[in-house]
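In case you want the letters, here they are:
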Amino acid sequence: MTQTNSSPAAVTDLDFDPYWMPFTHNRYFKQHRPLDRLMASAKGAYYTTVEGQQLFDGLSGLWCCGLGHGDPRITEAVKRQLDVADYVPAFQISSPATFKLAQRIAEQAPGQLNRVFFTNSGSEGVDTALKIALAYHRLRGEASRTRFIGREKAYHGVGFGGISVGGMVANRKMFAPAMLSGVDHLPHTHNPAETAFSRGLPSWGAHLADELERIVALHDASTIAAVIVEPMQGSVGVIPPPQGYLKRLREICSKHGILLIFDEVITGFGRMGSWFGAQAFDVTPDLLVFAKGVNNGTVPMGGVIADQSIYDTFMQGPAHAVELFHGYTYSGHPLAVAAAHATLDILAQDEVPQRFAELGKLLEDGVHSLRGEPNVIDIRNCVGAAAIDLTPLPGQPGLRAVRLFEDALKRGFLVRFTADTIALGPPVISTPTEIHALIEALRASIRAVA
Ligand SMILES: Cc1ncc(COP(=O)(O)O)c(C=O)c1O
């Protein structure tokens, strides 16, 4: 039997070459063989590396483990499920637990968002939402509505749909020839000249939603299927929506019959101080994409919550015929469903959204205390999420953040970097002492890489 042994001795002989790591500088990683980046275990708010070092999980995994790691209520549910049913087909067959999960998610979603389609990731959720939008218009006799409008700096995963509506250039440029045609982009809302060091939602920038009117005037509403935005842009480095911006987008979409899709892969399930960002920002989209927090990252799962009117539009033709030719072998996988039920229990019982709101106040005061530290050019925060922008090293964009990341690891803190931005999204179980320690470690690291 193949043994997996994560002791430092076993790691010494580890062949680093075969694993092509995602979104990683593979050559740098394999050259340095960083043992402080090889995790042996995860528990609560900490990872333990193969060397036995404890690392505070400053981004809740990749924004997905907001409840911390290894909550026994989730792990036990998954273990129990393994003994009950390891897999149930997703097409033409299901289980009561999957129906029940859809019902529970729908109960927490705003408005008439009450029909849930399961996927296995955020990327699949995004592509599913785009396909639903296209098909919806076609079924209503508006097949000319084929364009999608995304936004600069957006991250919507890595499917061809997601990178087409996404707005992070590094994720797009290699694949440009294969991207969806007929996609346009709204301007992003990050303008340090107007918003630097804003606490929470910036007061400047709502007018940028009016750019949608310009795009509509250019292409005509009859050609546009949907607008997709992250309510708070996460992966690019926490860009909260300007006050009033999302409401304005909603109004313009409704006026022109354009569907509004919220990609809530990061903002869903508590981090914004509500179950969904839609409630936190008081704007209800027509389609809502979720993933990550739905089951605390325990088993891959994502999905789309559709407005009932969209679902109803599909329910036509002979009743024995398939209405939407789309789905995944692992849609609603029993292990993911079991983990999600346990996660939803915890979200409700432990009042997780409210506790994220409380954590957010500590995080806000903490990160903004870093203003004035060397090379800090902007700080942003939005409830349970925050980011710090650093001046790039001359001619070497991204390197200062790599160095800071490595320095923070030595201090026992795992954070995330994108270009020269450091992102924070600690788990809700973080104590005030831990948040304080995180901020002070960052302060020391920022000074160390000055
Ligand atoms: C807003 C958003 N959409 C989509 C995705 C893609 O999710 P996944 O990596 O599960 O495909 C992410 C991942 O971070 C995300 O933040």
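Relevant structure appears above.
Predicted model, so just to flag it, every value in this text is computed and none were measured.

Undergrad: Got a minute to help me understand the pairing of strand β2 (residues 46–49) in this structure?
TA: In summary, the side chains of a regular strand alternate between the two faces of the sheet. Only one face of β2 is covered, namely the face carrying Tyr47 and Thr49; the face carrying Tyr46 and Thr48 is uncovered. Sheet topology note: the strand β1 (residues 39–43)/β2 ladder contains four bridges and is antiparallel. Each residue of the ladder has a partner; that of alanine 42, found in β2, is tyrosine 47. Count of turn residues in the β1/β2 antiparallel hairpin: two residues, of which glycine 44 carries a positive phi of about 60°. Of the pairings in the sheet, the one linking β2 to strand β3 (residues 54–57) comprises three bridges and is antiparallel in character. When the sheet's bridge partners are listed, threonine 48 is paired in β3 with glutamine 54.

Undergrad: Looking at this model, I keep getting lost on unusual backbone geometry. Mind explaining?
TA: Across residues other than glycine, the phi torsion is negative in most instances, and most of the peptide bonds are trans. Backbone geometry places phenylalanine 197, a non-glycine residue, at a positive phi of 65°. You can see phenylalanine 197 is positioned in the loop between α9 (192–195) and α10 (211–219). The exposure class assigned to phenylalanine 197 is partly exposed, which follows from the 17 C-beta atoms found within 10 Å. Of note in this structure, alanine 419 is not a glycine but carries a positive phi near 50°. Counting through the fold element by element, alanine 419 comes out in the loop between β14 (416–418) and β15 (421–424).

Undergrad: Quick question: what am I supposed to make of helix α11 (residues 245–256) here?
TA: For an α-helix, the turn length of 3.6 residues means that residues three or four places apart are oriented alike. When the terminal C-alpha atoms of α11 are compared, their 17 Å separation across 12 residues agrees well with the 16 Å that a helix rising 1.5 Å per residue should span. Every buried residue belonging to α11 is among Tyr245, Leu246, Leu249, Arg250, Ile252 and Cys253, and all of these are buried. Buried-residue contacts for α11 involve α10, β7 (224–229) and β8 (259–263). Downstream of α11 by one or two residues, glycine 257 has phi in the positive range, about 70°.

Here is what the cut-offs are and how they apply
- What you see as residue numbers is a count from 1 along each chain, following the sequence as written.
- Residue-level local features of this predicted model are given only where pLDDT is at least 70; pairs of side-chain atoms are given and counted only at 80 or more, and the full residue set underlies all totals for whole chains, interfaces and linings.
- Exposure is read from a count of other C-beta atoms within 10 Å of each residue's own; the residue is exposed at 12 or fewer, buried at 20 or more and partly exposed in between. C-beta atoms are placed from the backbone.
- Strands here are runs of E lasting at least two residues and helices are runs of H or I lasting at least four, both read from the DSSP assignment and numbered beginning at the N terminus.
- For two strands to count as paired, DSSP must find a minimum of two bridges between them.
- Helix span is expected to be 1.5 Å times the residue number reduced by one.
- Once C-beta atoms are placed from the backbone, any two residues with those atoms within 7 Å are in contact.

Don't take any of this as a statement about function, it's just geometry.
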